[in-house]
Amino acid sequence: MADTIYNEVTYPSAVYAQTHPDRLAMMALLFGMKPASAGRCRVLELGCGDGWNLITMAYGLPESEFVGIDLASEPIARGTALAEKLALRNVSLREMDVADAADLGEFDYIIAHGLYSWVPGAVREKIMELCGRSLAANGVAYLSYNAYPGNHMRDMVRGMMRYHTAHFTEPEQKIRQARGLVKFIAESKEPPEIYHQLMGQEFERVSKYTDAGLFHDDLSSINQPFYFHEFMAQAAPHGLQFLAEADMSDNRPGQHPPQVQAVLAGLDPRDIVGRQQYLDFLRCRAFRQTLLCRSGVALEREVSPERAYGMRMAGEIRAASATPDLRSPTAEIFYGPQKAEIETDRPLVKTAFAKLGALWPKCIHFRELLAHSRAELGRSGANEAAEDAENLAVAMTQAHGALFIEFRTHQPQFVTEPGEKPRASALARLQLASGDRLTTMLHQIVRIQDPLGRELLRLMDGTRDRSTLKAELGLLASASESRTAAEKVSLEELDENIRHLARLGLLLE
């Protein structure tokens, strides 16, 4: 068994939505590639830890194959045990050094999250070599890493913390002392100067970190950030080119004054790396989640609205008005995620937004969304069909670029309208045994902290109808020393709770 610090201090289990094959395929399609379907692909994760990220993908994508490798034996053992409890046959977790990884076959998607900056240079070279050797012709590799210039301040603070904690032996002591030092420096001057204000921001950052995250990320012996051009110089010899950043928000040009926009417009459009590097300077970017593909793949850097034709769409959208007028050219305001809003007077777009909001969190293919919107507006003429398709594609592409809606390539298998005998995800029910952080079928983490929701999920195995669920909840509450509201819940309240859990993506057909 490999003896690593990750066996001693367990890194928190996590899932990363931006690494899901659906997200990677969507980004590839957006820039003109022809990637493998998320529903039938091969995925490799390097430094997979306990495999939560891969296991949740494997649970939701039974026709795809997932392989994870990690040097730490104990996380691999925990993940393997979880996969066995779920009876998954499409995921394999292996205790293996990345430097020794060979003959694993070809993969449509390769993931290395939180690894590249934290391993020796020779291992980084092996990661790039493996991507260059094992990535399919239309494959996508995801690599995250710390970036300059944003990490210069973090580097300074990390150096101070490592110096201060060097003579402490226990991880808990190191973590406590590291935070204490940053706080001490941040509060050492009144009124604070710029240096102390920056230290205050760093203290806020390290305070929000989990203990294990701080220990492995900031206090590790290796934490090497890169300027983007340096990272790409390491990728290019292995036949890899820049595709995009995994998070759509990181691909937006940003808001800059006219004089800055003029300079950016004057940069050589063929120098993608140089342009990205200057954008990092402007943003003071500290972290990148870079997608790479093979150098021979022809990419279309300008996102064409025609790409929307092959996409599925989803949007957590609601109209500002309780009774929006969708049919007339009256302007209506729609609210999206994170307080975003769009105002439009176009009936076709208003109807599409209303449909996406009603369906959330499910998605709908563009063709179906177009057909629904046209039918709602009574548009049946063939002459205007092409124009409607073009107009809706432009509007949806703009909304996606503004992070107002999501593009997807795959419909996750969950229900928003629970049946007579609701069934919760077996994965979520297993995860309840170790805490309140559950993985949804949308590959996201949710926390279920209320007792009623937790008990409901445990009981919803597909064998109980609502009356039985209500009765058993009452029995559980009566047997508990701390009697809960579960014994008094009505069937209407029970159904409301079930629907809430369904809209989180936790219930299956």
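Everything below is about the structure printed above this text.
Residues numbered from 1 in each chain as written. Predicted model: local features only at pLDDT ≥ 70, side-chain atom pairs only at ≥ 80, totals over all residues. Heavy atoms only, no water.

A.B. asks: Can you help me understand the sheet that holds strand β5 (residues 135-146) in this one?
C.D. replies: What links the strands of a sheet is backbone hydrogen bonding, and the strands pair in either a parallel or an antiparallel sense. Across the sheet, which stays open at both edges, the 7 strands sit in the order β3-β2-β1-β4-β5-β7-β6 with mixed pairing between neighbours. Both edges of this open sheet fall to β3 (91-95) and β6 (240-245), since each of them pairs with a single strand only. Here the average twist between neighbouring strands, direction ignored, is 20°. (Pairing = 2+ DSSP bridges. Helix = DSSP H or I, 4+ residues; strand = E, 2+ residues; numbered from the N terminus. Axes fitted to C-alpha atoms, helices over the stretch in contact; angles between N-to-C directions.)

A.B. asks: So what exactly am I meant to see when it comes to the packing of helix α13 (residues 347-359) against helix α15 (residues 385-401) here?
C.D. replies: The description of two helices packed together rests on the angle between their axes and the distance between the axes. Between α13 and α15, the least distance of the axes is 10 Å, while the angle of their chain directions is 55°. Considered as vectors, α13 and α15 are oriented oblique to each other. Between α13 and α15 lies a crossing of right-handed hand. Between α13 and α15, the contacting residues are L348, V349, A352, F353 and L356 on the first element and D388, L392, A395, M396 and A399 on the second. Per-class residue counts for the contact of α13 with α15 are 9 nonpolar, no polar and 1 charged. (Parallel < 35°, antiparallel > 145°, perpendicular 65-115°, else oblique. Left-handed = near helix turned anticlockwise from the far one by under 90°. Contact = heavy atoms within 4.5 Å. Nonpolar A, V, L, I, M, F, W, Y, C, P; charged D, E, K, R; others polar.)

A.B. asks: Where do I start with the environment of E8 in this structure?
C.D. replies: Locating E8 in the fold gives a position in helix α1 (residues 5-8). For the pair E8 and L442, spaced 434 residues apart in sequence, the C-alpha separation works out to 31 Å.

A.B. asks: Even after reading the chapter, I still don't get unusual backbone geometry, so can you show me in this structure?
C.D. replies: Working note: non-glycine residues mostly have negative phi, and peptide bonds are mostly trans. Residue P149 is reached from Y148 by a cis peptide bond, and omega for that bond is 10°. Secondary-structure assignment places P149 in the loop between β5 and α6 (151-165). The peptide bond linking W360 to P361 adopts the cis configuration, its omega dihedral lying at 5°. Residue position: P361 is located in the loop between α13 and β12 (364-365). Despite not being glycine, A87 has its phi angle at roughly 60°, a positive value. Of note, A87 is situated in the loop between α4 (73-85) and β3. Positive phi values are uncommon outside glycine, yet C284 reaches one of about 55°. Note that C284 resides in the loop between α12 (272-283) and β7 (287-294). The exposure class assigned to C284 is partly exposed, which follows from its relative accessible area of 43%. (Buried < 20%, exposed > 50% of the residue type's maximum accessible area, 1.4 Å probe, protein only.)

A.B. asks: What exactly am I supposed to notice about the nonpolar core here?
C.D. replies: Soluble globular proteins tend to bury their nonpolar side chains together. Formed by 68 residues in total, the largest nonpolar core has its most connected members in L243, M313, F353, M396, I405 and F407. Not counting residues up to four positions away in its chain, the partners in contact with I405 are A314, G315, I317, F353, L356, M396, A399 and H400. One finds L104, L143, M232 and A235 within the second-largest nonpolar core, a separate group that totals 30 residues. (Core = buried A, V, L, I, M, F, W, Y, C linked by side-chain atoms within 4.5 Å.)

A.B. asks: For this particular structure, what's the right way to read the pairing of β7?
C.D. replies: Remark: a regular strand shows side chains that alternate across the two faces of the sheet. Counting buried residues in β7 gives 6 out of 8 residues, a clear majority hidden from the surface. Of the strand pairs in this sheet, β6 and β7 are connected by 5 bridges, and their pairing is antiparallel. The partner of L240 across the bridge, within β7, is R294.

A.B. asks: Quick question: what am I supposed to make of the packing of aromatic side chains here?
C.D. replies: Remark: the centre distance and the inter-plane angle together describe each pair of aromatic rings, the angle taken between the planes. Enumeration over the complete set of coordinates arrives at 11 aromatic pairs. Relative to Y227, the ring of Y148 has its centre 5.2 Å away and its plane inclined at 50°; by these criteria the two rings are tilted. Of this pair, Y148 sits in the loop between β5 and α6 while Y227 sits in the loop between α9 (211-217) and α10 (228-235), and the two are 79 residues apart along the sequence. Overall, Y148 belongs to the buried group, its relative accessible area being 11%. Judged by centre distance (5.2 Å) and plane angle (80°), the ring pair of F228 and F242 falls under edge-to-face. Taken together, the residues span a long stretch of sequence, with F228 in helix α10 and F242 in strand β6 at a distance of 14 residues. Judged by relative accessible area, which is 0%, F228 ranks as buried. You can call F242 buried: its relative accessible area is 5%. Within the aromatic cluster, the residues linked to one another by ring pairs are Y116, Y145, F226 and F231. Here the guanidinium or amino end of R42 rests over the ring plane of F107, the centre of that ring lying 4.2 Å away. Directly above the ring of F228 sits R288, whose terminal nitrogen or CZ lies 4.0 Å from the centroid. (Phe/Tyr/Trp six-rings, centres within 6.5 Å; stacked < 30°, edge-to-face > 60°. Lys NZ or Arg CZ within 6 Å of the ring centre and 35° of its normal.)

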